[in-house]
Amino acid sequence: MDWLTAPFEVTFVQRALWGGILVSAICALAGTWVVLRGMAFLGDAMSHGLLPGVALAALFGGNLLLGAVASAAVMAAGVTVLGRTPKLSQDTGIGLLFVGMLSLGVIVVSRSQSFAVDLTGFLFGDVLAVREQDLLLLGVALLVALLVSVLGHRAFLALAFDPRKAHTLGLRPRLAHAVLLVLLGLAIVASFHIVGTLLVLGLLIAPPAAALPWARGVRGVMALAALLGVTATFGGLLLSWHLSTAAGATVSAVAVALFFLSHATSGLRHLRARRAAPVPTAD
């Protein structure tokens, strides 16, 4: 039993656990829509698009969070504008923004004396370095994400399944898409310093995708995704402590493992149900 509880008797691991719990809830709210709408590439692009703002903030001694927010706003605006260009596919626009923002960020980071350390910290985060003020910010971010999710639920739902019907119902799909980008940006900005931009998709996509075969309705997916994210956080921190591995990467790896376990179990369940079903016979 000590093997299970000993790591969480340490203060910084306790803060890491609470940080992971809050991030899991935020990512469940945003990640569910990312999975339902097939926006994984956009999420990846936005997470890496934070680098220029964070790098500039670090270079000039500014607030890293504000730098991340500024970059997320630029990415969201760029995706919205390029998405309205008739001769340019959305994936092409996102890809160009992805490469451009990431390249700009690396150029800025290369001006720093601690290039490798800064870039590694940005890409992989440090969940064990979560402070009390970080938990407070994550709590505020969760409340904002909940508010946006509740107020925009109907529009997001229509947008996910039938954008034309959303327009017919007067739900303003373009505005709903822009607000959804804000929600996605909020989740990424809140999470990047915990698990890093390279691994944030692990908590943003894997738990909702793992929840899909088992949950009924969008709210069910969100609730189960949050629970799976918390499980991945607890399991990842536990394994990281005992195996001396990188905490953020281990959390993301457990989240992805839960996705494969969920879909393998779901596949076996359907296979058994199919075998147990009575075979129709001709009269």
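Residues numbered from 1 in each chain as written. Predicted model: local features only at pLDDT ≥ 70, side-chain atom pairs only at ≥ 80, totals over all residues. Heavy atoms only, no water.

Student: What should I look at first to understand the environment of Ala 160 in this one?
Tutor: Residue position: Ala 160 is located in helix 8 (residues 132-161). Separated by 123 residues in sequence, Ala 160 and Arg 37 place their C-alpha atoms 5.5 Å apart. When neighbours within four sequence positions are excluded, Ala 160 is seen to be in contact with Trp 33 and Arg 37. (Helix = DSSP H or I, 4+ residues; strand = E, 2+ residues; numbered from the N terminus. Contact = heavy atoms within 4.5 Å.)

Student: Just to check I follow, could you spell out helix 6 (residues 90-109) for this structure?
Tutor: Note on helix geometry: an α-helix contains 3.6 residues per turn, so any two residues three or four positions apart are oriented the same way. Between its first and last C-alpha, helix 6 extends 28 Å over 20 residues, near the 28 Å set by a 1.5 Å rise per residue. The complete set of buried residues in helix 6 reads Gly 93, Ile 94, Gly 95, Leu 97, Phe 98, Met 101, Gly 105, Val 108 and Val 109. (Expected span 1.5 Å × (residues − 1). Buried < 20%, exposed > 50% of the residue type's maximum accessible area, 1.4 Å probe, protein only.)

Student: Please clarify how the side chain of Ser 47 should be interpreted in this entry.
Tutor: Within the fold, Ser 47 resides in helix 3 (residues 40-48). Polar contacts involving the side chain of Ser 47 include one to the main-chain carbonyl oxygen of Asp 44, which spans 2.7 Å. Polar side-chain contacts of Ser 47 include one of 3.3 Å to the side chain of His 48. (Polar contact = N/O pair within 3.5 Å; in protein donor to acceptor, adjacent residues only side chain to side chain.)

Student: Explanation requested: the pattern of salt bridges in the structure shown.
Tutor: Here the idea is simple: oppositely charged side chains can pair when their charged atoms come close. Considering all chains together, one arrives at one salt bridge under this definition. Here Arg 131 and Asp 134 are joined by a salt bridge, their closest N and O atoms 3.3 Å apart. For Arg 131, a relative accessible area of 45% translates into the label partly exposed. Residue class for Asp 134 comes out buried when judged on its relative accessible area of 8%. (Salt bridge = Lys/Arg side-chain N within 4 Å of Asp/Glu carboxyl O.)

Student: Would you take a moment to explain helix 2 (residues 11-37) for this structure?
Tutor: Spanning 27 residues, helix 2 covers 39 Å between terminal C-alpha atoms, matching the ideal 39 Å at 1.5 Å per step. At Ala 30, helix 2 shows its maximal bend, which comes to roughly 35°. Directly beyond the C-terminal end of helix 2, a positive phi value near 65° is found at Gly 38. (Bend = angle between axes of the 7 residues up to and from the residue.)

Student: Could you clarify how one ought to interpret the environment of Ile 188 in this entry?
Tutor: Along the chain, Ile 188 turns up in helix 10 (residues 173-195). Classification of Ile 188 as buried rests on a relative accessible area of 1%. Sequence separation of Ile 188 and Gly 43 is 145 residues, and the distance between their C-alpha atoms is 8.1 Å. If near-sequence neighbours (up to four positions away) are discounted, Ile 188 is found in contact with Gly 43, Met 46, Ser 47, Leu 50, Val 200 and Leu 204.

Student: Would you take a moment to explain the side chain of His 153 for this structure?
Tutor: Topologically, His 153 is positioned in helix 8. With residues up to four places along the chain from it excluded, the contact list for His 153 reads Trp 33, Val 218 and Arg 219.

Student: How do you make sense of the packing of helix 2 against helix 8 when you look at a structure like this?
Tutor: Any two packed helices are characterised by the angle at which their axes cross and by the distance between the axes. Axis separation between helix 2 and helix 8 bottoms out at 10 Å; the angle between their running directions is 15°. By the angle between their directions, the pair helix 2 and helix 8 is classed as roughly parallel. Pair helix 2 / helix 8 crosses with left-handed handedness. (Axes fitted to C-alpha atoms, helices over the stretch in contact; angles between N-to-C directions. Parallel < 35°, antiparallel > 145°, perpendicular 65-115°, else oblique. Left-handed = near helix turned anticlockwise from the far one by under 90°.)

Student: Please clarify how a nonpolar patch on the surface should be interpreted in this entry.
Tutor: Together, Met 1, Trp 3, Leu 4, Phe 234, Leu 239 and Leu 243 make up an exposed nonpolar region whose accessible area comes to about 630 Å². Secondary-structure elements contributing two or more residues to the nonpolar patch are helix 1 (2-5) and helix 12 (218-243). In terms of residue count, the dominant contributor to the nonpolar patch is helix 12 (three residues). Looking at the element boundaries, Leu 243 is found in helix 12. (Patch = residues over 30% accessible without salt bridge, like charges linked within 9 Å, V, L, I, M, F, W, Y side chains within 5 Å. Areas by Shrake-Rupley, 256 points an atom, 1.4 Å probe, with all protein chains shown as cover.)

Student: What am I meant to see in the packing of helix 11 (residues 200-211) against helix 12 here?
Tutor: The N-to-C vectors of helix 11 and helix 12 enclose an angle of 120°; their axes lie 8 Å apart at closest approach. Overall, the two elements helix 11 and helix 12 adopt an arrangement that is oblique. Between helix 11 and helix 12 lies a crossing whose hand is right-handed. On helix 12, the residues that touch Leu 203, Pro 207, Pro 208, Ala 210 and Ala 211 of helix 11 are Val 221, Leu 224, Ala 225, Leu 228 and Gly 229. Classifying every residue of the contact of helix 11 with helix 12 gives nine nonpolar, one polar and no charged. (Nonpolar A, V, L, I, M, F, W, Y, C, P; charged D, E, K, R; others polar.)

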